[in-house]
Amino acid sequence: MGGRMTWKGVFSVVCAALFLWVLLHAAPAAAQDKNFYLDRLYMAGAPDDTIAMWRPEMSDKTRIYGQFGLGYSLNPFRTENHINDPTAAALFDDTERGGNPVGDQVIGYFTAGTEFLDRFGFQVSFPVIFGQSSNSTSFPEGGANDASDTATVAAMDMRLDLRAIAFRTAERDFKLGFNAAVWIPTGNQFSFGGDTSTSGGFFASAEYDFRKFFLVANTGVQFRPSADLNDFDLQNEWRWAVGGFVPLRGGALRLGGQIFGSTGLGRGTTFTGDNTPVEWMVEGRYTWGRINQFYAGAGGGTRLSAGYAPDFRLVGVVGTWFNIFDTAPPSPGRRYKAERFNDRGADTDKDGLPDDVDLCPTDPEDGKPPNTSDGCPALPDRDGDGIPDISDKCPDQPEDFDKIDDQDGCPEDDADKDGIADAKDACPKEPGEPSPEPAKNGCPQFIRRISGSSEIQVLKQIEFETNSAKIRPNSFKIVDEVVRLLQVNPEIKQMAIEGHTDNKGPDELNNRLSNDRANSVRQYLIDKGIDTGRLSSAGFGPQRPIADNNTADGRQKNRRVEFHIRGQGGAPSRRQTPPRQP
């Protein structure tokens, strides 16, 4: 039977072929000593992560993702890392003997995972050494007796991650997460691809989002099996990373940098030169697709210490993800049709269905859709629009299904009650004013509710008296548009009002002033009839600037009030049927 292979199938086949190829080409020589997992890059792997750092960020809908990274590192393990005597090290570095134990590496990083319940994630990472150059680590005349006959191609240890977000603020500007990781010894233990046994670690990640940029920090401990190579001793490690990133073009482009490193724990390895690698890396990432479900990124950097980190590292990644959910799941089809019985069992309502299979044993089946054999009559629907009268706000007027409040059962000619028919209204759910421009007809003048965003954009700032929370009269018309928006959109259950200032003056004064101004706007809305339970207010002073506070224009932009929708709810689905009582 013919068929078309999808990209997921191709990806699976390629991964299987690569794994088989590695197994066939990575057999170690017999006369050599085991070494350890060398690569210092903790490839994060999730769609929102950076290259070397994992973020406490999860999709609010269940999703599955896959990523492939390709990295090159120059001199990731040098002669001075395993030979302390400079005279002996010089013998290794002469032209006849070759040089560094690992001259360069090309590593492929395969990652797949899932995120669920808006707080948890599970991930599998499998790196493979596609190519590496090496030199002997054994030279008895120089006091080096540990031999390492390194394979060019080698599998590496697989890593399993279980992540969880432990805490985040309501605005999600601060997040704290934890990660438990296990490294399974699938790697080549003779070719710097794997440790000698299973290892594990516990890590934490914190992030603070300043809107225009965000900061991330990772820290944790990896419990590794002891290993040594001549003078180099490997023990448990403390790992850490810090970074800052700037989202651009609405988040589609992200630029930033990170510093990451580790040090040994115990047996004289803590903060020693060989056991304390530190690297810096800058990176950029770009996303695209209908919902930004594809991404590609690249990063590069060097080492900052004498520890076992590469002189230079270059990494590229590509990835994708997809959600697992159904926005409007259809009702399942009828799996069976009950046979009508006239002579078996009690049939109280005499509809031909015995009481033991009749969902409404006292109400006879009328044979009308949507369920013609469940034993229940169809609920009344006088206007025939498919919405039962019990849920229909206009039971005698059929719904027009014009994509404006189609769930309430009422036809809409002017949903926002602004006097402009929906057919000509460019903003049918936002009360506005007539305009000769079709794109602006019926839209408010001072605010915008952007589709897909929780923020109500204020086009003209609300002004207050100097150093006061009193709203100036010329700004009443701006707040009045917010009032009208809330009045015609009862599905907006909760709206947060935020006050912000520039950085002139003491922070304590700015924080108090921004809080008072936000509360003043909230009280104005309440005085206009908006339910107090739908509104909250808070002030953030100069903490969240949107422009440069070093310029007069920037400070003016930072003195603002913002409106954010925090909770929404809708009417019942138009095909929803309330439960029947037998």
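> How do you make sense of the overall build of the protein when you look at a structure like this?
A tally of regular secondary structure across the protein gives 6 helices and 20 strands. Looking at the protein as a whole, 45% of its 582 residues are labelled buried. Relative to all contacts within the protein whose residues are 6 or more apart in sequence, the contacts with residues 24 or more apart total 59%. Roughly 28,800 Å² of accessible area belongs to the protein as shown, and the carbon and sulfur atoms make up 56% of that amount.

> So what exactly am I meant to see when it comes to the confidence of the model for the protein here?
A low pLDDT means the predicted coordinates there should not be read in detail. When the pLDDT values of the protein are averaged, the result is 81; 80% of them are 70 or greater. Of the regions scoring below 50 in pLDDT, residues 1-5 engages in 2 contacts with residues more than four places distant in sequence or in other chains. In the predicted structure, residues 24-30 sits below a pLDDT of 50 and forms 8 contacts with residues beyond four places in sequence or in another chain.

> When you look at a nonpolar patch on the surface in this model, what are you seeing that I'm missing?
A grouping of Phe-213, Leu-215, Val-246, Leu-248 and Leu-255 is seen on the molecular surface, where their side chains present a nonpolar patch of about 370 Å² in accessible area. You can see Leu-215 is positioned in strand 8 (residues 214-223).

> Please clarify how the pattern of salt bridges should be interpreted in this entry.
A side chain of one charge can pair with a side chain of the opposite charge if their charged atoms are brought near each other. Considering all chains together, one arrives at 27 salt bridges under this definition. Taking the shortest distance from any N to any O, the salt bridge between Arg-472 and Glu-463 comes out at 3.6 Å. Its relative accessible area of 29% is what places Arg-472 among the partly exposed residues. For Glu-498, the salt bridge goes to Arg-544, with nearest N and O atoms at 3.9 Å.

> Explain the sheet that holds strand 20 (residues 560-568) to me, please; I cannot follow it from the model alone.
Strand pairing in a sheet relies on backbone hydrogen bonds, with the paired strands running either antiparallel or parallel. Taken together, 5 strands build an open sheet; the order of strands is 16-17-20-18-19 and the sheet is mixed. Each edge of the sheet is formed by a strand with only one pairing partner; in this case those strands are strand 16 (447-449) and strand 19 (535-539). When the angles between neighbouring strand axes are averaged without regard to direction, this sheet yields 25°. The pairing of strand 16 with strand 17 (residues 455-458) spans 3 bridges and is antiparallel. By the bridge assignment for strand 17, Arg-449 is matched with Ile-456.

> Explain the state of the cysteines to me, please; I cannot follow it from the model alone.
A covalent bond bridging the sulfur atoms of two cysteines is what the word disulfide describes. One pass over the full model with this rule turns up 2 disulfides. Here Cys-360 pairs with Cys-376 through a disulfide, and the sulfurs are 1.8 Å apart. Disulfide Cys-360-Cys-376: the torsion about the S-S bond is 90°, which places it as right-handed. With a gap of 16 residues between them, Cys-360 in the loop between strand 15 (312-323) and strand 16 and Cys-376 in the loop between strand 15 and strand 16 connect regions that are remote in the sequence. Take Cys-360 and Cys-376: they sit in the same class, and that class is buried.

> Looking at this model, I keep getting lost on the nonpolar core. Mind explaining?
A general tendency of soluble globular proteins is for nonpolar side chains to be buried together. By size, the foremost hydrophobic cluster in this structure holds 24 residues, and its most contacted members are Ile-462, Leu-486, Met-495, Val-521, Leu-525 and Phe-563. Looking at this core, the elements that each hand over two or more residues are helix 4 (476-488), strand 18 (492-500), helix 5 (507-527) and strand 20. If you tally residues by element for this core, the top one is helix 4, at 6 residues. In contact with Val-521, other than residues within four places in its own chain, are Phe-464, Ile-471, Val-479, Ile-497, Val-561 and Phe-563. Ala-52, Met-156, Phe-214 and Phe-245 belong to the second-largest nonpolar core, a separate cluster that totals 19 residues.

> Teacher, can you tell me more about helix 5 here?
Each turn of an α-helix holds 3.6 residues, which means side chains three or four residues apart point in the same direction. Helix length check: helix 5, at 21 residues, gives a terminal C-alpha distance of 30 Å against a target of 30 Å (1.5 Å per residue), a fit within 8%. Elements that come into contact with the buried residues of helix 5 comprise helix 4, strand 18, strand 19 and strand 20. Phi turns positive one or two residues past the end of helix 5, at Gly-529, with a value near 105°.

> I'm lost on helix 4 in this one. Help?
For helix 4, spanning 13 residues, the distance from its first C-alpha to its last is 19 Å, which sits close to the expected 18 Å at 1.5 Å a residue. All of the buried residues in helix 4 are Ile-478, Val-479, Glu-481, Val-482, Val-483, Leu-485, Leu-486 and Val-488. Residues of helix 4 that are buried sit in contact with strand 16, strand 17, strand 18, helix 5, strand 19 and strand 20.

> Looking at this structure, I do not really get the environment of Ala-252. What am I missing?
One can find Ala-252 in the loop between strand 11 (236-248) and strand 12 (253-265). Residue Ala-252 is classed as buried on the basis of its relative accessible area of 12%. In this structure the C-alpha to C-alpha distance between Ala-252 and Arg-285, which are 33 residues apart in sequence, comes to 8.1 Å. Those residues in contact with Ala-252 that sit more than four places away from it in its chain are Arg-285, Tyr-286 and Thr-287.

> Sorry, what's going on with the packing of helix 4 against helix 5 here?
To characterise two packed helices, one gives the angle between the axes of the helices and the distance between these axes. Between helix 4 and helix 5, the least distance of the axes is 10 Å, while the angle of their chain directions is 55°. One way to sum up the angle between helix 4 and helix 5 is to call them oblique. Once helix 4 is placed against helix 5, the crossing between them reads as right-handed. For the pair helix 4 and helix 5, contact is made by Phe-476, Val-479, Asp-480, Val-482, Val-483 and Leu-486 and by Val-521, Tyr-524 and Leu-525, respectively. Along the lines of polarity and charge, the residues of the contact of helix 4 with helix 5 split into 8 nonpolar, no polar and 1 charged.

> Sorry, what's going on with unusual backbone geometry here?
Backbone geometry follows two general trends: most residues other than glycine have a negative phi, and most peptide bonds adopt the trans configuration. Its identity as a non-glycine residue notwithstanding, Phe-192 has a phi of 60°, on the positive side. Take Phe-192: it is sitting in the loop between strand 6 (174-184) and strand 7 (199-209). With a phi close to 55°, Asn-230 is a non-glycine residue in the positive phi region. Topologically, Asn-230 is positioned in the loop between strand 9 (227-229) and strand 10 (232-234). You can call Asn-230 buried: its relative accessible area is 17%.

> Which parts of the structure should I look at to understand the pairing of strand 18?
Most of strand 18 is tucked away, with 7 of its 9 residues classed as buried. The pairing of strand 18 with strand 19 spans 5 bridges and is parallel. Opposite Ala-496, over in strand 19, you have Ser-536 as the bridge partner. In this view, the connection linking strand 18 to its parallel neighbour strand 19 by way of helix 5 has right-handed handedness.

> Can you help me understand the environment of Phe-130 in this one?
Secondary-structure assignment places Phe-130 in strand 3 (residues 120-134). Here Phe-130 falls in the partly exposed class, since its relative accessible area comes to 23%. Remark: the alpha-carbon pair of Phe-130 and Thr-152, spanning 22 residues in sequence, is separated by 7.4 Å.

> In this structure, what is going on with the packing of aromatic side chains? I would like to understand it.
The description of an aromatic ring pair uses the distance of the two centres, along with the angle that the planes make with each other. Counted under the stated rule, the structure contains 21 aromatic pairs. Ring geometry for Phe-77 against Phe-232: centres 5.5 Å apart, planes inclined by 80°, an arrangement best described as edge-to-face. With Phe-77 in strand 1 (residues 63-77) and Phe-232 in strand 10, the pair connects residues that are 155 residues apart, well separated along the chain. Here Phe-77 falls in the buried class, since its relative accessible area comes to 0%. With relative accessibility at 1%, the residue Phe-232 sits in the buried group. By way of ring pairs, the aromatic residues Phe-36, Phe-77, Phe-192, Phe-232 and Tyr-308 are connected into one cluster. Above the plane of the ring of Phe-245 lies Arg-254, whose end atom (NZ or CZ) is 5.7 Å from the centre.

About the cut-offs
Residues numbered from 1 in each chain as written. Predicted model: local features only at pLDDT ≥ 70, side-chain atom pairs only at ≥ 80, totals over all residues. Heavy atoms only, no water. Helix = DSSP H or I, 4+ residues; strand = E, 2+ residues; numbered from the N terminus. Buried < 20%, exposed > 50% of the residue type's maximum accessible area, 1.4 Å probe, protein only. Contact = heavy atoms within 4.5 Å. Areas by Shrake-Rupley, 256 points an atom, 1.4 Å probe, with all protein chains shown as cover. pLDDT = per-residue confidence, 0-100. Patch = residues over 30% accessible without salt bridge, like charges linked within 9 Å, V, L, I, M, F, W, Y side chains within 5 Å. Salt bridge = Lys/Arg side-chain N within 4 Å of Asp/Glu carboxyl O. Pairing = 2+ DSSP bridges. Axes fitted to C-alpha atoms, helices over the stretch in contact; angles between N-to-C directions. Disulfide = S-S within 2.5 Å. Core = buried A, V, L, I, M, F, W, Y, C linked by side-chain atoms within 4.5 Å. Expected span 1.5 Å × (residues − 1). Parallel < 35°, antiparallel > 145°, perpendicular 65-115°, else oblique. Left-handed = near helix turned anticlockwise from the far one by under 90°. Nonpolar A, V, L, I, M, F, W, Y, C, P; charged D, E, K, R; others polar. Right-handed = clockwise from strand over helix to strand, strands pointing away. Phe/Tyr/Trp six-rings, centres within 6.5 Å; stacked < 30°, edge-to-face > 60°. Lys NZ or Arg CZ within 6 Å of the ring centre and 35° of its normal.

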